[in-house]
Amino acid sequence: MNRRKWWDSLHSAHPTDNFMNFSSQDNTNESGEDNLAAGIAYDQLLRCVHCGLCTSSCPTYLETGDENNGPRGRIQLIRLVADGRTDLTDRMRHHLELCLDCRACETACPSGVQYGRLIEPFRQAIEAKDTRLEKRWDIFRRGILLNLFPYADRLRYVLRPMRMLQRLGIVSAIERLGLLKLLPGRLGRLAQMLPSPTRPGPRLPKFLPAVGRKRARVAFFVGCVADAMFRPVHWATVRVLQQNGCDVFVPRGQGCCGAIHLHNGDPLGARRLADANLVAFELDRYDAILVNHGGCGAMLKEYGHHWHDGLQPHRARFADKVKDVHEFLDNLGVVPFSGRIEVSATYHDSCHLTHAQRVASAPRRLLAKIPGLDLRELPEAGICCGAGGTYNLTEPEMSDQLSRRKLDNILSTGAQVVLTANAGCLLQIQREVRQAGLGLQVMHPMELMDLSYRGEKLELKAGSEKGKMKMNVS
Amino acid sequence: MSNTELIRKLRAALKPENVLSVPSELVVYDCDAFTVERHIPLAVVFPRSAVQVAEVVRACSDHGCPVVARGAGTGLAGGCTPPPNGVVIVLTRMNKILDIRLRDAMALVEPGVLNLQLTNALSGTGYHFAPDPSSQGTATIGGNVATNAGGPHTLKYGVTVNHVAGLEVVLGDGSILQFGPVEDPAALDLARVVCGSEGTLAIVTKIWAKLTKNPQACRTIRATFASIDDASQAVSQIIAAGIVPAALELMDRGILDAVEAAFALGVPPEAAAVLIIELDGPEAGLDSLLEQVIALCRNWNPGEVLQAKTPAERELLWKCRKMAVGAVGRLSPGYMIQDGVVPRTRLPHIFRRILEIAAKHRVRIVNVAHAGDGNVHPILLLDERDRDLTARAKAASREVLEECITCGGSITAEHGVGIEKIELMEKLFAPADLRAMHRVRQAFDPASQLNPGKKYKTICQ
Ligand SMILES: Cc1cc2nc3c(=O)[nH]c(=O)nc-3n(C[C@H](O)[C@H](O)[C@H](O)COP(=O)(O)OP(=O)(O)OC[C@H]3O[C@@H](n4cnc5c(N)ncnc54)[C@H](O)[C@@H]3O)c2cc1C
Ligand code: SF4
Ligand code: SF4
């Protein structure tokens, strides 16, 4: 059979696949305004030499073994559309949506392909053009993702009754009975993600003075979900900064970094949030703007190249000032820790910290200095836990697969504590641990450092009987 | 049977989620890391066991369409580019380490296990899997066996075939056979025949891999030279002195530019070539051997000789070397990498000829080489969209390889023949040799069901 013929016969078998006009020879670059790939960094496509060295760093490729779900394949799919050789089909869209945007492939790629600058604009264009009714009117997306999550006050308000139920032990009872699964779809998943009930603590004051010799003036970024769900982590972080001679300012008027909007097809909403932050932080007053969650940090550091208008230079200057708190302390030289923390711990790399910001060794170096801490290297530490921004809500199946993979790796270290510096990862791993009934403690590195400075002991939780069995087995 | 029927049959045998048949999902399987030639397959399947591989092979054979095995698709010679109307059998979902027996220094693995995955699983045991192709973080052990992959440490430890004790394979008629792992003097050593056969004799479904004890100690140095000629003279001398380093690698200025951009290794800009030399073995005597090697290098006026002082420094050196080819994207949107072999004394000659050939065809060529093995990897920079340049690069490639043959060498050390070098087989081998190979192929796969059009096209057609 000649090639044309079998090609046609393939087509008749798949009337739904609008993979038409495909030509392997056609090299015309038709990236006009209409093209979904109009906004991508085309030079990055040319940089990819198709070597495949990135595939084994990609979580979705590791899980599926399919090039369509790996970086090399995704780049090829984007290039086909960019070159005008085919329209985007539903299957292609699916593979691109399954990408976690974790950017592990960027760390792996020796040719320096900046994959984020391909997938992000491409997906934004898909979202913007998406006319499917269910998506446009998606209450979840419009109501919760874009209008509730990014606003700490609203979120806290909604969380309050949930916390009450949790404190009364009702949620864990419901969870044990599997009743949360009865909540409709993603709402149920959202409820499962909620952290265990801890007192959120008061809001951070506008100013916290350095302890001892003054070494730096810093501004602290509080964010949205991070502030609503992990305020104790914020308190721990600013105390650690104070101990390290930092005057810490917490400017009022700051808010969400904009990442949730940007990654869910609302770049203008994201810009609004970004510009509010530009106003809130007076750059010249601070040596650095510090962030303690990887996801927010990555977004803030990218302010300089998401939007192209008159404010861009100012945004770029803002971005230059942003530092991850571990990166900053590691550079500054950390004041010796005081108290011993006699536990075994392992560190999970948040994608947005290790791949997007390339901060991997600083947190490890800091943790290694805590006296008594037995720090164990986590296998596949840089593979995404499945949280990926709002991925756990939008691609539940793959997200669950990846969080189970992560938990297995954590258990293989035998550590009592797992540390990670990102709200999404903390929520995801906590949920996995809770559902398995494990006594494993999930914490932010700053919390452990804070304990050491304060000379306090870490109290370990006991797991359920089922959980203990699981820990002993692995 | 129509294509639709075949696909229905494959779905029934493997479950629908393990079969791709929608054109827009097949397109990413149109080539491997050799991108100059592409074909979209008829279907792509992900079997999970040897039995399923056999079922696929039988169904395809009934349907009269060929199959091609694929691991990670990092092959550089188009080994897993689908033949027209072909079905791709991807082995990445057969990725379990089934058994590690340290007492026998052996591991039993499925073909989709990544090379580095095995070595990582062995960490702390004092053993490792010796073949270390630069692609080891991504390439599968099945692919390593099929291409008989080598790496920097091949110089001392040998290529993949030296580290395979046995194989389970599926033949073109769907039968499942096992060769080894116990050595049986009564049997023909068929596992060795399958190694390096590029998926044309059998599909490998299990590998008994031999494990190698970690060396007690090692020393790694990096020496810069004012010319590639000086560097290759130093290589010849070291080998002539009877020293067998664990690895002896060369990089020229062109590739160093890419490496510097990627990893900031810190090689002085005036250096025209770098040698990475590693010695390993028992601690005693290693330092005096190192001095001997450095003294030999001194004959060729090295700019600087630096020793890796910490494991991290050693790792960086190796990372730079191993990621060098991948970093070529920093120089050009595409490339073609060659894999010629020459006797080690002819290294200076071949590098000189490569320069001339590059100038003649107006193609930029940068070089890495497993110099200790006389294995050169000239990398020809191209842009697939520029057809004229691509054609010139192909012509230059061919001329380089012909030069290797003239020097008494070969056209491939480790990347395989694939479709890329098929035309050159006749130049390299006498008709009688080719006939013998062809008969072996027929004995394994009489219907040319497995990966046709690769390695020995000239005889098959
Ligand atoms: C940047 C880069 C650097 C490289 N460096 C080296 C190097 O230093 N040394 C080296 O030797 N190679 C090197 N290679 C080439 C390549 O990585 C090796 O050939 C590797 O062994 C291929 O493994 P794979 O899993 O990717 O196989 P694939 O590319 O998927 O397949 C390669 C060939 O093997 C066949 N095959 C695959 N799996 C099976 C199986 N289970 N049974 C039967 N046949 C099978 C295929 O049909 C094909 O012919 C490099 C490649 C790249 C991109
Ligand atoms: S993205 Fe980088 S590592 Fe991946 S195939 Fe392209 S060049 Fe290779
Ligand atoms: S961003 Fe993450 S999930 Fe997406 S292709 Fe890269 S490695 Fe894979």
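Residues numbered from 1 in each chain as written. Chains lettered and ligands numbered in written order. Predicted model: local features only at pLDDT ≥ 70, side-chain atom pairs only at ≥ 80, totals over all residues. Heavy atoms only, no water.

**Examining the overall build of chain B**
Looking only at helices and strands, chain B has 16 helices and 19 strands in total. In summary, chain B has a C-alpha radius of gyration of 22 Å against a globular reference of 23 Å for 461 residues, a match within 12%. With the principal axes as the frame, chain B shows a C-alpha extent of 70 × 55 × 45 Å. In chain B, buried positions account for 61% of the 461 residues. Within chain B, contacts between residues at least 6 apart in sequence are counted, and of these 72% link residues at least 24 apart. Per element, the accessible surface of chain B, about 16,900 Å² overall, is 53% carbon and sulfur. Computed over 47 positive and 49 negative side-chain charges, the inter-centroid distance for chain B is 3 Å. (Helix = DSSP H or I, 4+ residues; strand = E, 2+ residues; numbered from the N terminus. Rg over C-alpha atoms; globule rule 2.2 N^0.38 Å. Buried < 20%, exposed > 50% of the residue type's maximum accessible area, 1.4 Å probe, protein only. Contact = heavy atoms within 4.5 Å. Areas by Shrake-Rupley, 256 points an atom, 1.4 Å probe, with all protein chains shown as cover. Lys, Arg positive; Asp, Glu negative; His and termini not counted. Charge placed at Lys NZ, Arg CZ, Asp CG, Glu CD.)

**Quick look at the site of ligand 2**
Near ligand 2 there are 13 residues, and of these Cys48(A), Cys51(A), Gly52(A), Cys54(A) and Cys109(A) occur at the shortest range. For the shell around ligand 2, a count of residues per class yields nine nonpolar, three polar and one charged. (Near = heavy atom within 4 Å. Nonpolar A, V, L, I, M, F, W, Y, C, P; charged D, E, K, R; others polar.)

**Observations concerning the sheet that holds strand β8 (residues 164–170) of chain B**
Residues and elements named next belong to chain B. Reading across from one edge, β5-β6-β10-β8-β9 is the order of the five strands in this open sheet, with antiparallel pairing throughout. In this open sheet, the two strands that pair with only one neighbour each are β5 (97–101) and β9 (176–179). The mean angle between the axes of side-by-side strands here comes to 10°, regardless of whether they run parallel or antiparallel. Where β5 and strand β6 (residues 106–109) come together, four bridges link them in antiparallel fashion. Residue pairing across strands places Arg-101 opposite Met-106, the latter belonging to β6. Contacting β8, β9 and β10 (203–210), helix α3 (residues 50–63) crosses the sheet at an angle of about 45° to β8. (Pairing = 2+ DSSP bridges. Axes fitted to C-alpha atoms, helices over the stretch in contact; angles between N-to-C directions.)

**A closer look at the packing of helix α16 (residues 267–280) of chain A against helix α18 (residues 312–321) of chain A**
Residue and element names in this part refer to chain A. With their axes 11 Å apart at the nearest point, α16 and α18 run at an angle of 70° to one another. For the element pair α16 / α18, the angle class is roughly perpendicular. Remark: the crossing between α16 and α18 carries left-handed chirality. Where α16 abuts α18, its residues Arg-271, Asp-275, Asn-277 and Leu-278 lie against His-314, Arg-315 and Phe-318. The residue inventory of the contact of α16 with α18, partitioned by class, reads two nonpolar, two polar and three charged. (Parallel < 35°, antiparallel > 145°, perpendicular 65-115°, else oblique. Left-handed = near helix turned anticlockwise from the far one by under 90°.)

**Structural notes on the domain arrangement of chain A**
Residue and element names in this part refer to chain A. Under the domain assignment, chain A is made up of domain 1 (42–133), domain 2 (139–193), domain 3 (207–332) and domain 4 (344–473). Centre-to-centre, using C-alpha coordinates, domain 1 lies 28 Å away from domain 4. Taken residue by residue, the interface counts 16 residues in domain 1 and 18 residues in domain 4. Contact between domain 1 and domain 4 buries roughly 1,400 Å² in total, counting both sides, with carbon and sulfur atoms accounting for 61%. When the shortest N-O distance is used, the salt bridge between Glu-63 and Arg-405 registers 3.0 Å. Where domain 1 meets domain 4, there are five residue pairs in polar contact (both at pLDDT 80 or more). Sort the elements by how many residues they give to the side of domain 1 that touches domain 4 and helix α3 (residues 59–64) lands first, with five residues. In terms of residue class, the side of domain 1 that touches domain 4 is built from seven nonpolar, four polar and five charged. (Domains from an automatic or database assignment. Buried area = accessible area lost by both parts, 1.4 Å probe. Salt bridge = Lys/Arg side-chain N within 4 Å of Asp/Glu carboxyl O. Polar contact = N/O pair within 3.5 Å; in protein donor to acceptor, adjacent residues only side chain to side chain.)

**Regarding the site of ligand 3**
Residue and element names in this part refer to chain A. Looking at ligand 3, there are 13 residues lining it, with Cys-58, Cys-99, Cys-102, Arg-103 and Cys-105 nearest. Contributions of two or more residues to the shell around ligand 3 are made by α3, α4 (71–82) and α6 (104–108). For the shell around ligand 3, the class distribution of residues is nine nonpolar, one polar and three charged.

**Some words on the interface of chain B and chain A**
On the side of chain A, 44 residues touch chain B, which itself brings 51 residues to the contact. Between chain B and chain A, a total of about 3,700 Å² is buried, with carbon and sulfur atoms accounting for 56% of that surface. Between chain B and chain A we count two salt bridges in total. A salt bridge links Glu67(A) to Arg70(B); the shortest N-O distance between them is 2.9 Å. Joining chain B to chain A, the criterion identifies 19 residue pairs in polar contact (both at pLDDT 80 or more). If you list the elements that add at least two residues to the side of chain B that touches chain A, you get α1 (3–14), α2 (23–26), α9 (253–263) and β16 (334–337) of chain B. Top element by residues in the side of chain B that touches chain A is α2(B). It accounts for four residues. In terms of residue class, the side of chain B that touches chain A is made up of 24 nonpolar, 18 polar and nine charged.

**Section: the pairing of strand β12 (residues 217–225) of chain B**
All names here are of chain B. Here β12 lies mainly inside the structure; eight of its nine residues are buried. Bridge analysis of β12 against strand β14 (residues 273–281) gives nine bridges, and the strand direction is antiparallel. From the neighbouring strand, Arg-222 faces β14, where its bridge partner is Ile-276. When β12 meets strand β15 (residues 305–307), the two strands line up antiparallel, connected through three bridges. By the bridge assignment, Ala-223 is partnered in β15 with Val-305.

**What to know about the side chain of His293(A)**
All names here are of chain A. Mapped onto the secondary structure, His-293 falls in the loop between β4 (288–291) and α17 (294–301). Note on His-293: relative accessible area 1%, which makes it buried. At 2.8 Å, the side chain of His-293 and the backbone nitrogen of Ala-423 are in polar contact. The residues contacting His-293, other than those within four sequence positions of it, are Ala-226, Phe-230, Val-233, His-234, Ala-421, Asn-422, Ala-423, Leu-426 and His-444.

**A closer look at the confidence of the model for chain B**
The pLDDT averaged across chain B works out to 93; a share of 99% of its residues lies at or above 70. Across the whole predicted complex the pTM is 0.89, and at the interface the ipTM reaches 0.92. (pLDDT = per-residue confidence, 0-100.)

**Side note on the sheet that holds strand β7 (residues 374–376) of chain A**
Residue and element names in this part refer to chain A. Sheet architecture is open: four strands sit in the order β7-β6-β8-β9, paired in parallel fashion. Both edges of this open sheet fall to β7 and β9 (441–443), since each of them pairs with a single strand only. When strand polarity is set aside, the average angle formed by the axes of neighbouring strands in this sheet is 30°. Pairing of strand β6 (residues 344–347) with strand β8 (residues 417–419) involves three bridges; the strand directions are parallel.

**Observations regarding the environment of Gly409(B)**
Residue and element names in this part refer to chain B. You can see Gly-409 is positioned in the loop between α13 (387–406) and α14 (425–428). Note on Gly-409: relative accessible area 18%, which makes it buried. For the pair formed by Gly-409 and Arg-364, sequence separation is 45 residues and the distance between their alpha carbons is 23 Å. In this view, Gly-409 contacts Val-341, Val-342, Pro-343, Cys-404 and Leu-428; residues no more than four positions away in its chain are not counted.

**A closer look at the domain arrangement of chain B**
Residues and elements named next belong to chain B. Assigned domains within chain B: domain 1 (1–214 + 431–461), domain 2 (217–325) and domain 3 (334–423). Its C-alpha centre places domain 1 at a distance of 26 Å from the equivalent point of domain 3. Contact residues are listed per partner, giving 25 residues for domain 1 and 20 residues for domain 3. Summed over both sides, the interface between domain 1 and domain 3 buries roughly 1,800 Å², with carbon and sulfur atoms accounting for 60% of that surface. Area buried by domain 1 at its contact with domain 3 is led by Val-36, Leu-76 and Ala-77, which between them contribute 31% of it. Where domain 1 packs against domain 3, one counts one salt bridge. Across the pair Glu-384 and Arg-38 runs a salt bridge whose closest N-O atoms are separated by 3.6 Å.

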